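Listed below are the residues making up each chain.
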Protein chains: 2
Amino acid sequence: MGEFDLIARHFTRPGRTEGGVVTQGIGDDCAVLTPTPGWQWLVSTDMLVEGRHFLSTVDPRRLGHKALAVNLSDLAACGATPRAFFLSMALPRADDDFLTGFAAGLFALADAHGIVLAGGDTTAGPLNLNITVMGEAPPGAALLRSGARPGDEVWVSGTLGDARLALEVFRGQLSLSGQDFDAVRVAMELPQPRVALGQALRGVASAAIDVSDGLTGDLGHLLQRSKVGAELHLDDLPRSSILAAMPQAIQQLCLLTGGDDYELVFTAPAEAHARVLAAGRASGTPVHRIGRIQSEPGLRVRDGHGECLPSTWQSFDHFK
Amino acid sequence: MGEFDLIARHFTRPGRTEGGVVTQGIGDDCAVLTPTPGWQWLVSTDMLVEGRHFLSTVDPRRLGHKALAVNLSDLAACGATPRAFFLSMALPRADDDFLTGFAAGLFALADAHGIVLAGGDTTAGPLNLNITVMGEAPPGAALLRSGARPGDEVWVSGTLGDARLALEVFRGQLSLSGQDFDAVRVAMELPQPRVALGQALRGVASAAIDVSDGLTGDLGHLLQRSKVGAELHLDDLPRSSILAAMPQAIQQLCLLTGGDDYELVFTAPAEAHARVLAAGRASGTPVHRIGRIQSEPGLRVRDGHGECLPSTWQSFDHFK
C-alpha cells in the first residue's frame, strides 16, 4: 500500500460516504448527488494555507475542525442545510499522527452537522487544505448579502474579537493568563459555525454574511451588495468578559477588524425583531442588535459619546 | 486596490458568472444553483501542485486550460453535462502576466464546454490550484466504474501515451524532433476532455473511467469496482504515429502506464458495438475496441504473439 492509499484510508469511512442526498460517495470519478426536489444548491469553497490561515503548531484535530468550520460558516451565512463536502489536500508527507487527528476533528464536526465527505483529492506538496461545501435551501430562501434595506436592524451572533485577541497573544503583542488564553484560543481554533441559526433565519433575515475577515470589512461587503449604509454603536458590540477587560483601543481593534470569528452578521426588518430573537432561541444562539441600516452609503461606528470613529478600519487583506 | 482584489478581478466576468443552472454566481458567501428538475449532480475535485502536476515553466494559458481540463475529464467519465466550477488558488504573488494567461486558457475551455465559474477563493501561498466541477445527468444515467460485466467489450477514446512521451523528453530520457516534441507536448499540456463522448455514451456504456494515471492503473480501478477482470491486446491500443515510431519498450511504457492522457476507457455490451461507434461519430471522437471483460479478476495484456506481458505495470503513485 503506497502512502497515497494510506492517506486516502484515513478519510474513507465504510458505509459513511453515502447518506442523505449523497447517492454515491467516494470511489468513482465523480460523486453522485440526488437533489431534494425543488430545492436550490448553495456552494462555497475555501483554501487554507499553513502559516497564513493556521499556525504550523496547531493541534491537527483542531485544524480538521477549523478547515470544515470555515466552510460550514459560508453555508450558515446563506441559511443552507449542509449536505456534502469535498476535501483536497496537499501534504508534505504522510504523517499518520497528523492525519489521525485531522480526520477526527473533521469528522466530529461533519457528523454534528450531518454533512457527508463525498469525495476529494490527495497529493504531495506544501501543506494546503481546500474544502468545497454544498448545502440546500428551499427555492428563493437563501440568505444573500444583497437584501438589506434602509431601516433594517443589524444583528450579530455570539461575541466578536476573541479570535483576534488570541492571534495578538501568539504574535507576542499581548499577554493573557493561561486560563484566558486557552479560552480565546478555543475561539480562534475551534470556531462554531452558526449553521442552525442560519437555517432559523430563513424567511426572517433580509441579508447575512459571516465574519471571517472582520466585522467592518465583512459588513462592508454586505452594505455594498445591498447598496446601503449602516450605523453601529461600539458599546452594543457583544464581547467576552476577557475582551471587555482589555484596554479600549484593543477592544476596538478586535471587535471591528478582528477576523476568524465566524459569527453571522445579518439584517432584518425592524418588525421582525421578535422573530429574530425567536430564531436565536430556537437555534440556541445568542443574537444582539448592533445597529441600523441607512440609505446613506458607508459604515459609521459611534462610540459611547455618540461620536463617529475615524473610518480607517480596514478588512484583513491576505496580500498586505 | 489590494493585490487580493486585483487577482479576483481577473476571474470576475461581469454578466458571465450566471447562466444555465447558476442562479447567483461570484460575490456572495455561496453560489446559488438551481438544479434541472429530476436530474442528479456529478461532482469532482482535483488539486494541482507546481512541480508535481505541472512544470514551473509551463505557459500560463496552457496551465489554465489543463487545470480545468483534468476536472472536466472526470465529468466526461461520468457522462455528465458540465454546469459550474469553483476555483481556489494559492499564489506566491500577484503576477499580472501569469494571471492574464491563466484566465484566458481557463475561460476558453470553460466557454467551449458551457461551464460557468460560479465561485472560488484566492490566497497567498505556494502555487496550488484546486478546481471543483459540478455537472448534471438524468437520474441513474451517470456512467460509473462499477457497471462492467463479463463479455463486455473494452474501448478507449483517441490515442494513448503521447503525454508520457513528452514527459520523458522533459526528463531528458528521450529526444524527439522539434515538430514531434511540439505535438506530444500539446497532448500533455492541452488535453481535450472527452465531454461530448461521455454524454453520447449515456445509456450505451456499462462503465467508464478517464485515463489520468495510466491505462492499466485506471482500468484496474474500473475492474476492481466492477469485480471483474479483462484481457487487452497491446497491438490494439491506439497510438499516434510519433509513438508508433518509437522502440517497442517505450511504446509499452507510454501506452500502458503513461498518465495525463485524459482519454476515456469504457466498457459496453458486445451487442452495443454499433451504438458505441455511433456515439464516437456523433461526438467527433475516435473510439477503439482494445479488449474484453472477463469474470476472472485481474488484467491480462497480450502481445502480438498472444503471450501475456508480465504484470509488473504499476499506476503512477504521487508519493513514490
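Model, not experiment: these values are computed from the prediction.

### A short note on the overall build of chain A
Inference 1: Regarding its fold elements, chain A presents 10 helices and 12 strands.
Inference 2: On C-alpha atoms alone, chain A measures out to a radius of gyration of 20 Å, which is about the 20 Å that the 2.2 N^0.38 rule sets for 320 residues.
Inference 3: On the principal axes, the C-alpha backbone points of chain A span a range of 65 × 50 × 35 Å.
Inference 4: By residue count, 53% of the 320 residues in chain A fall in the buried class.
Inference 5: Sequence-distant contacts in chain A: of pairs separated by 6 or more residues, those separated by 24 or more amount to 87%.

### As for unusual backbone geometry
Inference 1: One non-glycine residue, Asp260 of chain A, lies in the positive phi region at around 65°.
Inference 2: By the element assignment, Asp260 of chain A lies in the loop between helix 9 (248–257) and strand 10 (264–268).
Inference 3: For Tyr262 of chain B, which is not glycine, the phi dihedral falls at a positive 55°.
Inference 4: Within the element layout of this structure, Tyr262 of chain B appears in the loop between helix 9 (248–257) and strand 10 (264–268).
Inference 5: Classification of Tyr262 of chain B by C-beta neighbours within 10 Å gives buried; the count is 24.

### Let's talk about the sheet that holds strand 8 (residues 207–210) of chain B
All names here are of chain B.
Inference 1: Across the sheet, which stays open at both edges, the six strands sit in the order 8-10-7-11-9-12 with mixed pairing between neighbours. The sheet terminates laterally at strand 8 and strand 12 (298–302), the two strands that pair on one side only. Across the sheet, the mean angle separating the axes of adjacent strands is 25° when strand polarity is ignored.
Inference 2: Note: strand 7 (residues 153–157) against strand 11 (residues 287–294), five bridges, orientation antiparallel. Residue pairing in the sheet places Ser157 in a bridge with Val287 of strand 11.
Inference 3: Along the sheet, helix 7 (residues 215–226) contacts strand 8, strand 9 (229–233), strand 10 and strand 12; its crossing angle with strand 8, the most-contacted strand, is approximately 150°.

### Side note on the packing of helix 4 (residues 162–170) of chain B against helix 5 (residues 178–189) of chain B
When two helices pack together, their arrangement is captured by the angle between the axes and the distance separating the axes.
All names here are of chain B.
Inference 1: Look at helix 4 against helix 5: their axes get within 7 Å of each other, and the N-to-C directions meet at 115°. By crossing handedness, the relation of helix 4 to helix 5 is classed as left-handed. Of the residues in helix 5, those touching helix 4 at Asp162, Ala163, Leu165, Ala166, Leu167 and Val169 are Phe181, Val184, Arg185, Ala187 and Met188.
Inference 2: When the residues that make up the contact of helix 4 with helix 5 are grouped by side-chain class, the tally is nine nonpolar, no polar and two charged.

### Things to note about the interface of chain B and chain A
Inference 1: Facing 54 residues of chain B, the contacting portion of chain A comprises 54 residues.
Inference 2: Looking at the side of chain B that touches chain A element by element, the count peaks at nine residues for strand 3 (residues 40–49) of chain B.
Inference 3: Class assignment of the residues belonging to the side of chain B that touches chain A gives a composition of 25 nonpolar, 17 polar and 12 charged.
Inference 4: Sheet topology places strand 3 (residues 40–49) of chain A next to strand 2 (residues 31–33) of chain B; three bridges connect them, and they run antiparallel. Opposite Leu42 of chain A, over in strand 2 of chain B, you have Val32 of chain B as the bridge partner.

### A short note on the sheet that holds strand 2 of chain B
Inference 1: Taken in spatial order, the six strands line up as 5(A)-4(A)-6(A)-3(A)-2(B)-1(B) in an open sheet, and their pairing is mixed. Every other strand in the sheet has two partners, leaving strand 5 (116–124) of chain A together with strand 1 (22–24) of chain B as the edge strands with one partner each. Across the sheet, the axes of successive neighbouring strands diverge by a mean angle of 25°, strand direction being ignored.
Inference 2: Here strand 3 of chain A pairs with strand 6 (residues 128–137) of chain A via 10 bridges, running antiparallel. Bridge pairing in strand 6 of chain A places Leu42 of chain A opposite Gly135 of chain A.

### A word on the packing of helix 2 (residues 60–77) of chain A against helix 3 (residues 96–113) of chain A
Residue and element names in this part refer to chain A.
Inference 1: As a packed pair, helix 2 and helix 3 sit with axes 6 Å apart at the nearest point and diverge in direction by 40°. Classified by the angle their axes make, helix 2 and helix 3 are oblique. Where helix 2 crosses over helix 3, the handedness of that crossing is right-handed. Contacts between helix 2 and helix 3 involve Pro60, Arg61, Arg62, Leu63, Gly64, His65, Ala67, Leu68, Ala69 and Leu72 on the former and, on the latter, Phe98, Gly101, Phe102, Ala103, Ala104, Gly105, Leu106, Ala108, Leu109, Ala110 and His113.
Inference 2: Classifying every residue of the contact of helix 2 with helix 3 by side-chain character gives 14 nonpolar, five polar and two charged.

### A few points about the relation of the copies chain B and chain A
Inference 1: Least-squares fitting of chain B to chain A yields an RMSD of 0.0 Å, with the superposition described by an axial translation of 0.0 Å and a rotation of 180°. Between the two chains, the operation in question is that of a two-fold axis.
Inference 2: In this assembly the copies share their binding face: 100% of the residues contributing to the interface of chain B also contribute to that of chain A.

### Considerations on helix 5 (residues 178–189) of chain A
Residues and elements named next belong to chain A.
Inference 1: With 12 residues, helix 5 should reach 16 Å at 1.5 Å per residue; the first-to-last C-alpha distance of 16 Å fits that figure.
Inference 2: Of the residues making up helix 5, those classed as buried are Val184, Arg185, Ala187, Met188 and Glu189.
Inference 3: Looking at the packing, one finds that the buried side of helix 5 touches helix 2, helix 4 (162–170) and helix 8 (241–244).

### Points about the confidence of the model for chain A
All names here are of chain A.
Inference 1: With 94% of its residues at a pLDDT of 70 or more, chain A shows a mean pLDDT of 92.
Inference 2: Every residue in residues 314–320 is under pLDDT 50, and counting partners more than four places away or in other chains gives 24 contacts.
Inference 3: For this predicted complex, the interface confidence comes out at an ipTM of 0.92, alongside a pTM of 0.93.

### A closer look at the nonpolar core
Most often, soluble globular proteins have nonpolar side chains that are buried together.
Inference 1: Among the nonpolar cores identified, the biggest contains 195 residues, and Phe85 of chain A together with Phe85 of chain B are the most heavily contacted of them.
Inference 2: Ignoring sequence-local partners within four residues, the contact set of Phe85 of chain A consists of Leu68, Asn71, Ile115, Leu117, Ala118, Ile131, Thr132, Val133 and Met134 of chain A.

### Description of the pairing of strand 10 of chain A
All names here are of chain A.
Inference 1: The buried fraction of strand 10 is high, at five of five residues.
Inference 2: Burial along strand 10 is two-sided: Leu264, Phe266 and Ala268 facing one way and Val265 and Thr267 facing the other are all buried.
Inference 3: Bridge count between strand 8 (residues 207–210) and strand 10: four bridges; the pairing is antiparallel. Within strand 10, the position partnered with Ala208 by the bridge is Phe266.

### Things to note about the pairing of strand 6 of chain A
All names here are of chain A.
Inference 1: Among the 10 residues that make up strand 6, 10 are buried, leaving the element largely enclosed by the rest of the structure.
Inference 2: Here strand 6 shows no split at all, with Asn128, Asn130, Thr132, Met134 and Glu136 on one side and Leu129, Ile131, Val133, Gly135 and Ala137 on the other all buried.
Inference 3: Relative to strand 6, strand 4 (residues 81–91) is paired through nine bridges, and the arrangement is antiparallel. Across the sheet, Ser88 pairs through a bridge with Asn130, a residue of strand 6.

Definitions and cut-offs
Residues numbered from 1 in each chain as written. Chains lettered and ligands numbered in written order. Predicted model: local features only at pLDDT ≥ 70, side-chain atom pairs only at ≥ 80, totals over all residues. Helix = DSSP H or I, 4+ residues; strand = E, 2+ residues; numbered from the N terminus. Rg over C-alpha atoms; globule rule 2.2 N^0.38 Å. Buried ≥ 20, exposed ≤ 12 C-beta atoms within 10 Å, placed from the backbone. Contact = placed C-beta atoms within 7 Å. Pairing = 2+ DSSP bridges. Axes fitted to C-alpha atoms, helices over the stretch in contact; angles between N-to-C directions. Left-handed = near helix turned anticlockwise from the far one by under 90°. Nonpolar A, V, L, I, M, F, W, Y, C, P; charged D, E, K, R; others polar. Parallel < 35°, antiparallel > 145°, perpendicular 65-115°, else oblique. Least-squares fit on C-alpha atoms with pLDDT ≥ 70 in both. Expected span 1.5 Å × (residues − 1). pLDDT = per-residue confidence, 0-100. Core = buried A, V, L, I, M, F, W, Y, C linked by C-beta atoms within 7 Å.

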